[in-house]
Amino acid sequence: MKILKGGCLCGAVEYEIKDDLIYSGYCHCSECRRWTGAPFSSTGGVKASDFKLNKGKSLLASFSKGENSTSYFCTKCSSNLYGEVPEYNMTYVMLGTLSQEPTLAPQWHIYTGSKVEWFKITDNLPQYQEGLIKA
Ligand SMILES: [Zn+2]
Ligand SMILES: [Zn+2]
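Residues numbered from 1 in each chain as written. Chains lettered and ligands numbered in written order. Predicted model: local features only at pLDDT ≥ 70, side-chain atom pairs only at ≥ 80, totals over all residues. Heavy atoms only, no water.

An unreviewed UniProt entry annotates the protein chain as ADP-ribosylglycohydrolase originating from Agaribacter marinus. Per UniProt, the protein chain has the following entry under Sequence similarities (unreviewed entry): "Belongs to the Gfa family." (UniProt positions renumbered as here; feature names shortened; annotations may be inferred.)

Structure follows, in structure tokens:
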């Protein structure tokens, strides 16, 4: 299995994942907007055991949105890097922090009901007004 490297803007934090994304997609919810500072987030999830932090652990800080999701960012450059969802034994990464292309490109847009008007979706991926039903 191919390994994909990723890291933050300043280079202090580095991680790697197996190129075996369980999902990959865009989220247009208002929380992701605040969190990323961008009109939507681009994330991909792997099994928790397929994620490895290689460098910079002491520089990470975390934020928990709720009981079931903790996201990590670099305190030197503030890059949002990844998050843990223990309930699903999954770790997601911010796709923009990967140094290489994942095999699984984003598959959908979720929470398009909350999307900002000024961003127009021009691809043909499926769009969902809210989240996807968890399997
Ligand atoms: Zn950094
Ligand atoms: Zn979201």
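> How would you summarise the environment of Thr-97 if you had to cite specific residues and measurements?
Along the chain, the position of Thr-97 falls in the loop between β9 (90–94) and β10 (109–110). Assessed through its relative accessible area of 11%, Thr-97 is described here as buried. Sequence separation between Thr-97 and Gly-6 is 91 residues, and the spatial gap between their C-alpha atoms is 5.4 Å. If we ignore the near neighbours within four places in the chain, the residues touching Thr-97 are Gly-6, Gly-7, Tyr-15, Asn-80 and Leu-81. Side-chain polar atoms of Thr-97 contact the backbone oxygen of Met-94, separated by 2.8 Å. (Helix = DSSP H or I, 4+ residues; strand = E, 2+ residues; numbered from the N terminus. Buried < 20%, exposed > 50% of the residue type's maximum accessible area, 1.4 Å probe, protein only. Contact = heavy atoms within 4.5 Å. Polar contact = N/O pair within 3.5 Å; in protein donor to acceptor, adjacent residues only side chain to side chain.)

> Explain the coordination of the zinc ion (ligand 1) to me, using residue names and the numbers behind them.
Ligation of the zinc ion (ligand 1) by protein atoms is provided by Cys-8 (SG), Cys-10 (SG), Cys-74 (SG) and Cys-77 (SG), these donors lying 2.3 to 2.4 Å from the ion. Around the zinc ion (ligand 1) sit four donor atoms; with metal-centred angles ranging over 106 to 112°, the donor geometry is tetrahedral. In terms of primary sequence, the donors binding the zinc ion (ligand 1) are separated according to C-x1-C-x63-C-x2-C. Residue class for Cys-8 comes out buried when judged on its relative accessible area of 11%. (Donors = N, O, S within 2.8 Å, 3.2 Å for Na, K, Ca; no water. Tetrahedral: all angles 85-135°; square planar, octahedral: opposite > 155°, others 65-115°.)

> Can you lay out the coordination of the zinc ion (ligand 2) for me, pointing to particular residues and giving the numbers?
Ideal donor angles around a metal are set by the shape: a four-donor tetrahedron calls for 109.5 degrees, a six-donor octahedron for 90 or 180 degrees. Within the protein, Cys-27 (SG), Cys-29 (SG) and Cys-32 (SG) serve as the donor atoms for the zinc ion (ligand 2), at 2.2 to 2.3 Å. Read in sequence order, the donor residues coordinating the zinc ion (ligand 2) give the pattern C-x1-C-x2-C. Both residues of the pair, Cys-27 and Cys-32, belong to the buried class.

> So, the sheet that holds strand β2 (residues 14–18): which residues are in play, and what are the values?
The strand order β1-β2-β5 describes an open sheet built from three strands, whose pairing is antiparallel. Whereas interior strands pair on both sides, the edge strands pair on one side only; in this sheet they are β1 (3–7) and β5 (51–55). Neighbour-to-neighbour, the strand axes of this sheet turn through a mean angle of 25°, independent of strand direction. Across five bridges, the pairing between β1 and β2 is antiparallel. Paired with Ile-3 across the strands is Lys-18, a residue of β2. (Pairing = 2+ DSSP bridges. Axes fitted to C-alpha atoms, helices over the stretch in contact; angles between N-to-C directions.)

> Residue-level account of the pattern of salt bridges, with values.
Counting across every chain of the model gives five salt bridges. Residue Glu-16 is joined to Lys-5 by a salt bridge in which the shortest nitrogen-to-oxygen separation is 3.2 Å. Taken together, the positions of Glu-16 in strand β2 and Lys-5 in strand β1 put the pair 11 residues apart, joining distant regions of the chain. Owing to a relative accessible area of 42%, Lys-5 belongs among the partly exposed residues under this scheme. Where Lys-65 meets Glu-31, a salt bridge forms, and the shortest distance between an N and an O atom there is 3.2 Å. In this pair, Lys-65 sits in strand β6 (residues 60–66) while Glu-31 sits in helix α1 (residues 30–36), placing the two residues 34 residues apart along the sequence. Within the structure, one salt-bridge network assembled from shared partners comprises Lys-5, Glu-16 and Lys-52. (Salt bridge = Lys/Arg side-chain N within 4 Å of Asp/Glu carboxyl O.)

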